[in-house]
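Listed below are the residues making up each chain.
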There are 2 protein chains.
Amino acid sequence: VLVNGAPGAAVSALDRGLQFGDGLFETMRCEQGAIRWFGRHLARLRAGCERLGLPAPDGTLLRAEAESLLAGRLRAIAKIIVTRGVATARGYAPAGDEISTRVVIVQAWPGAMAAEFRVGLSPVPLGCNPQLAGIKHLNRLEQVLAQQAAVRAGWHEALMCSGAGDVVCGSMSNLFVLQGTQLRTPALTQCGVAGVMRSLVLEIAPRLGFAVEVAPVSIQWLSEAAAMFVTNVRLGVQAVHWYQGRRLEPDPRCAQLQELIDGTLA
Amino acid sequence: VLVNGAPGAAVSALDRGLQFGDGLFETMRCEQGAIRWFGRHLARLRAGCERLGLPAPDGTLLRAEAESLLAGRLRAIAKIIVTRGVATARGYAPAGDEISTRVVIVQAWPGAMAAEFRVGLSPVPLGCNPQLAGIKHLNRLEQVLAQQAAVRAGWHEALMCSGAGDVVCGSMSNLFVLQGTQLRTPALTQCGVAGVMRSLVLEIAPRLGFAVEVAPVSIQWLSEAAAMFVTNVRLGVQAVHWYQGRRLEPDPRCAQLQELIDGTLA
């Protein structure tokens, strides 16, 4: 772990990242000593900083710090946290003179997923707030509660609905539904995180002949879907084998999509 | 600052409080070396722990730690943070074997408020999630954004609306609207924090002849209200002098209410 470039894992208890979740993070796939799709991660981090009124992060520095920790690992997860920094005044309002804190963590690549990926509909809703939607900020209690419930239910991932009742995304992934040559994923203008793997799928799926649409996914419509997959940089394009106890046939185009994405550098 | 009872302000960057806002806090008024209304704060903290699946905190210990830092100050703010602790596994799901982190901070009592308390309607909405409503968890980005905007607007407090469009509470306070002998405050079942000062007002206002009701406050209704006040343990019963640029006459019963509450020990 590096905190502001120095080895060690200590952060001040007065950091606004702890006090209020006032910050952002990125979780990145690393392969052969390098971060994959770093430009996309940095773009989202920058968008988040702009939304929260944080200074733009130094991408070159963040990348160098993360890659310095990889030490030749074949595969790893790198996590970057950027907060507004140690509070210089009491209360929610930033004083404006805080110095941003950056934390870089490298973790072992997790073990392989179960052969059959089980997904269910979470009892935990996603609160709607357009000003926080799409970005990967540190307020993640909804996801924590959703995964707690998912573990109890024996699911690998929990799909979450907005207050309006539509399915928006997974607790740690984005959702895509396959219907013939149509590929649908929900908009993330009210809640949810706009994943880097989602952006790759949106760009690359048309090459396989998919008509991609960003459109609402109702619970009813999803319950009748023939095939679906979820995405994040760890799972890649993860076909769903079980949804709410119903068996789905994984679509062979998931693997083709995965292959094309794996070959995409930027 | 005490972290797990030891002097020093260092918390692990792997603490789930920082990683996900996975925890709770209390901000308490201290007078003459003692925390006011500690039982109420502890009750809310316990309710929050139950909601998040955290172990029940040791109230005697927390109180003793906070009061040990007061060192004879006439007045101060004590803040307690309780998190799920350092992550023992990657990802949102708690592993279940984390050891809760507790942070106790004592801060100087803030300076007096301006004589005229200015309030406006925030452009930042509150996301709705019944599972997180009412408790004082660490996911406070909405409040941070609301106060950022309030400072720019020259307000002392920003009132926030739920997605449904009703006014729910202030960014750091609860809202009460006075209409004759009627006193109304919004329900906090979808969003908002159930303040300790709010609970005191709800209990004590009937002694002054108020009929207290927990009911929706629409933007329209609020724009026509004759008098309103906001509450938290720092401000107490704070009359609103200006709402959206409209001058309000502070009701003398605010001061009476304040006096009764100040005399309430538990």
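Small disclaimer: the values here were computed from a predicted structure and weren't measured.

What to know about the pattern of salt bridges
Okay, step 1: Taken as a whole and judged by the stated rule, the model has 26 salt bridges over all chains.
Okay, step 2: The closest approach of N and O atoms between D22 of chain B and R84 of chain B, which form a salt bridge, is 2.5 Å. Remark: R84 of chain B occurs in the loop between β6 (75–83) and β7 (101–108) and D22 of chain B occurs in the loop between α1 (16–20) and β4 (23–31); sequence separation between them is 62 residues. The exposure classification of D22 of chain B matches that of R84 of chain B, with both residues buried.
Okay, step 3: What you see here is one network of salt bridges that share partners, running through R29, E31, R36, R75 and D262 of chain A.

Comments concerning the environment of S12 of chain A
Okay, step 1: When you line up the elements, S12 of chain A lands in strand β3 (residues 10–12).
Okay, step 2: In this structure the C-alpha to C-alpha distance between S12 of chain A and R29 of chain A, which are 17 residues apart in sequence, comes to 28 Å.
Okay, step 3: Not counting residues within four places of it along the chain, the set of residues in contact with S12 of chain A comprises V86 of chain A together with A9 of chain B.
Okay, step 4: A polar contact of 2.9 Å, which involves the side chain of S12 of chain A, links it to the backbone nitrogen of L14 of chain A.

Section: the interface of chain A and chain B
Okay, step 1: Between chain A and chain B, the contact holds 60 residues from the first and 60 residues from the second.
Okay, step 2: Of the roughly 4500 Å² buried at the junction of chain A and chain B (both faces included), carbon and sulfur atoms supply 62%.
Okay, step 3: In terms of surface lost to chain B, no three residues of chain A exceed R90, Y92 and L141 of chain A, which account for 19% of the buried area on that side.
Okay, step 4: Linking chain A to chain B there are 0 salt bridges.
Okay, step 5: Of all the secondary structure elements, the ones that give two or more residues to the side of chain A that touches chain B are β3, α1 (16–20), β4 (23–31), α2 (38–52), β6 (75–83), β7 (101–108) and α4 (141–153) of chain A.
Okay, step 6: The greatest single-element share of the side of chain A that touches chain B, amounting to 8 residues, is contributed by α4 of chain A.
Okay, step 7: As paired strands, β3 of chain A and strand β3 (residues 10–12) of chain B are joined by 3 bridges and run antiparallel to one another. Looking at the pairing, V11 of chain A lines up with V11 of chain B of β3 of chain B.

A look at α2 of chain A
Residue and element names in this part refer to chain A.
Okay, step 1: When the terminal C-alpha atoms of α2 are compared, their 21 Å separation across 15 residues agrees well with the 21 Å that a helix rising 1.5 Å per residue should span.
Okay, step 2: Among all positions in α2, only F38, R40, H41, L42, R44, L45, G48, C49 and L52 are buried.
Okay, step 3: Downstream of α2 by one or two residues, G53 has phi in the positive range, about 75°.

Quick notes on the sheet that holds strand β9 (residues 157–161) of chain B
All names here are of chain B.
Okay, step 1: Spatially, β10-β9-β8-β16-β17 is the arrangement adopted by the 5 strands of the open sheet, whose pairing is mixed. The two strands at the open ends of the sheet, each matched to only one other strand, are β10 (167–170) and β17 (246–247).
Okay, step 2: Here strand β16 (residues 242–243) runs beside β17; their pairing, made up of 2 bridges, is antiparallel. Within the sheet, the bridge partner assigned to W242 lies in β17 and is R247.

Looking at the packing of aromatic side chains
Residues and elements named next belong to chain B.
Okay, step 1: Following the criterion strictly, the structure yields 4 aromatic pairs over all chains and no others.
Okay, step 2: One cation-aromatic arrangement involves R75 over W109; the distance from NZ or CZ to the ring centre is 4.5 Å.
Okay, step 3: Taking NZ or CZ as reference, R184 lies 4.2 Å from the ring centre of W221, over its face.

Considering the side chain of E157 of chain A
Residue and element names in this part refer to chain A.
Okay, step 1: Relative to the helices and strands, E157 is located in strand β9 (residues 157–161).
Okay, step 2: Of the buried charged residues, E157 lacks a salt bridge, with R234 as the closest side chain of opposite charge at 8.4 Å.
Okay, step 3: Here M172 takes part through its backbone nitrogen, which lies 2.9 Å from a polar atom of the side chain of E157.
Okay, step 4: Sequence-distant contacts of E157, defined by excluding residues within four places in its chain, comprise F117, R118, V119, G120, Q147, G170, S171, M172 and S173.

Calculation rules
- Residues numbered from 1 in each chain as written.
- Chains lettered and ligands numbered in written order.
- Predicted model: local features only at pLDDT ≥ 70, side-chain atom pairs only at ≥ 80, totals over all residues.
- Heavy atoms only, no water.
- Salt bridge = Lys/Arg side-chain N within 4 Å of Asp/Glu carboxyl O.
- Helix = DSSP H or I, 4+ residues; strand = E, 2+ residues; numbered from the N terminus.
- Buried < 20%, exposed > 50% of the residue type's maximum accessible area, 1.4 Å probe, protein only.
- Contact = heavy atoms within 4.5 Å.
- Polar contact = N/O pair within 3.5 Å; in protein donor to acceptor, adjacent residues only side chain to side chain.
- Buried area = accessible area lost by both parts, 1.4 Å probe.
- Pairing = 2+ DSSP bridges.
- Expected span 1.5 Å × (residues − 1).
- Phe/Tyr/Trp six-rings, centres within 6.5 Å; stacked < 30°, edge-to-face > 60°.
- Lys NZ or Arg CZ within 6 Å of the ring centre and 35° of its normal.
- Lys, Arg positive; Asp, Glu negative; His and termini not counted.

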